[in-house]
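# Fold and geometry: a report
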Amino acid sequence: MDYIEAKFLTTAVKPEQYPDTFVPEIAFVGRSNVGKSSLINCLTNRAKLARTSSSPGKTATINFYEIKNSFRLVDLPGYGYARVSKTEQERWVKMIDTYLSDRYNLVQVIQLVDARHKPSKDDITMINWIKSFGYKPVVVATKTDKLKKSQLDPNLTEIYNSLELDDNSILFPFSAQTRQGKDEVLEYIEAVCKNFTN
Ligand code: GTP
Ligand code: MG
């Protein structure tokens, strides 16, 4: 699959700036630096579509990317980055919360966690939020290339248990570097977006 037609649509900090609601949206949430922007670049085969950085806190606004007029990938600011001021952090949380709570065409929220680590308190709060809003728990465990092969399964089990996932949930191992999981995540996104009728 080649998403040459992926394009940056717009950036927003408040609802008045969001684009129209005719196209289904998939939003990515997760700790700062977990790899949200890199995932979007990997899925669209565009290395520099979403800006990434090794220093956390890169994405500070809501960025909308549109794929062939058929769906959008929404890059949200990361949470839990201690070096951003408290006021700034609170502003980001409010921005994320506002978008997630009231977006008619948001068909799925996908949570990213780092495959190397046990989910943080914030990760658990986020997955509970996703569940409470009635979304299917869909989790992408990022940076699997940084793990030894033998570590992957135990770490996935730990993530599964800490986030209290179940048979109704999906947990994708993923690496933006090796592209592990890319086809599976894309297939899932395309399937849920097909169900959206405006
Ligand atoms: P914020 O915008 O700050 O919330 O971060 P983000 O979640 O968008 O993370 P970003 O995609 O900018 O990636 C953070 C760092 O992790 C960058 O240096 C990426 O190159 C690196 N990274 C992301 N995904 C992977 C991966 O799958 N494997 C490896 N090895 N590095 C990755
Ligand atoms: Mg980012």
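Anything mentioned here points back to the structure above.
We now turn to the structure provided with this report. Fair warning: this is a prediction, and the values are worked out from it, not measured in the lab. (Residues numbered from 1 in each chain as written. Chains lettered and ligands numbered in written order. Predicted model: local features only at pLDDT ≥ 70, side-chain atom pairs only at ≥ 80, totals over all residues. Heavy atoms only, no water.)

## Points about the layout of surface pockets
Within this model, the largest pocket holds a volume of roughly 430 Å³. In this structure, the largest pocket is lined by 28 residues; those nearest its centre are N33, V34, G35, S38 and K143. A per-class count over the lining of the largest pocket returns seven nonpolar, 14 polar and seven charged. In this structure, the second largest pocket occupies an estimated 250 Å³ of space. Lining of the second largest pocket is provided by Y79, G80, Q89, V93, I96, D97, L100, D122, T125, M126 and W129. Residue assignment for the lining of the second largest pocket shows that the elements contributing at least two residues are α2 (86-101) and α3 (121-132). Take the lining of the second largest pocket: its biggest share by element is five residues, from α2. Classifying every residue of the lining of the second largest pocket gives six nonpolar, three polar and two charged. (1 Å grid on protein atoms, 1.4 Å probe; cavity = no way out; pocket = protein on both sides within 12 Å on 5 of 7 lines; lining within 4 Å. Points joined across faces, edges and corners; volume = space filled by probe spheres on them. Nonpolar A, V, L, I, M, F, W, Y, C, P; charged D, E, K, R; others polar. Helix = DSSP H or I, 4+ residues; strand = E, 2+ residues; numbered from the N terminus.)

## Some remarks on the pattern of salt bridges
For the structure on display, the rule yields seven salt bridges. Connected through shared salt-bridge partners, D20, E25, E66, R72 and R103 make up one network. (Salt bridge = Lys/Arg side-chain N within 4 Å of Asp/Glu carboxyl O.)

## Looking at the sheet that holds strand β6 (residues 138-142)
Strand order in this open sheet of seven strands is β1-β3-β4-β2-β5-β6-β7, and the pairing throughout is mixed. Whereas interior strands pair on both sides, the edge strands pair on one side only; in this sheet they are β1 (6-12) and β7 (170-173). Pairs of neighbouring strands in the sheet enclose a mean axial angle of 25 degrees, with direction left out of account. In this sheet, β6 lies alongside strand β5 (residues 106-114) in parallel orientation, the contact comprising five bridges. Bridge assignment links L112 to a residue of β6, and that residue is V140. Contacting β1, β2 (25-30), β3 (62-67), β4 (71-75) and β5, α2 crosses the sheet at an angle of about 150 degrees to β2. (Pairing = 2+ DSSP bridges. Axes fitted to C-alpha atoms, helices over the stretch in contact; angles between N-to-C directions. Contact = heavy atoms within 4.5 Å.)

## Here we look at the coordination of the magnesium ion (ligand 2)
On the protein side, the magnesium ion (ligand 2) has S37 (OG) and T59 (OG1) as donor atoms, found 2.1 to 2.2 Å from it. Taken together, the positions of S37 in helix α1 (residues 36-44) and T59 in the loop between α1 and β3 put the pair 22 residues apart, joining distant regions of the chain. By relative accessible area, which is 7% here, S37 ends up buried. (Donors = N, O, S within 2.8 Å, 3.2 Å for Na, K, Ca; no water. Buried < 20%, exposed > 50% of the residue type's maximum accessible area, 1.4 Å probe, protein only.)

## Quick look at the environment of L156
For L156, the position within the fold is in helix α4 (residues 149-162). With near-sequence residues (within four places) excluded, L156 lies in contact with A141, L171 and P173.

## Examining the site of ligand 1
The local shell around ligand 1 holds 22 residues, among which K36, S38, G57, D145 and A176 are the closest. Taking S32, its side chain carries an N or O atom lying 3.0 Å from an oxygen atom of ligand 1. Interatomic distance of 3.0 Å between a side-chain N/O atom of S37 and an oxygen atom of ligand 1. For ligand 1, the cavity whose grid points lie within 2 Å of the majority of its atoms is the largest pocket. For the shell around ligand 1, the residue count by class is three nonpolar, 13 polar and six charged. (Near = heavy atom within 4 Å. Polar contact = N/O pair within 3.5 Å; in protein donor to acceptor, adjacent residues only side chain to side chain. Sits in = over half its atoms within 2 Å of the grid points.)

Note that every value here comes from positions in space, so none of it alone points to a role or purpose.
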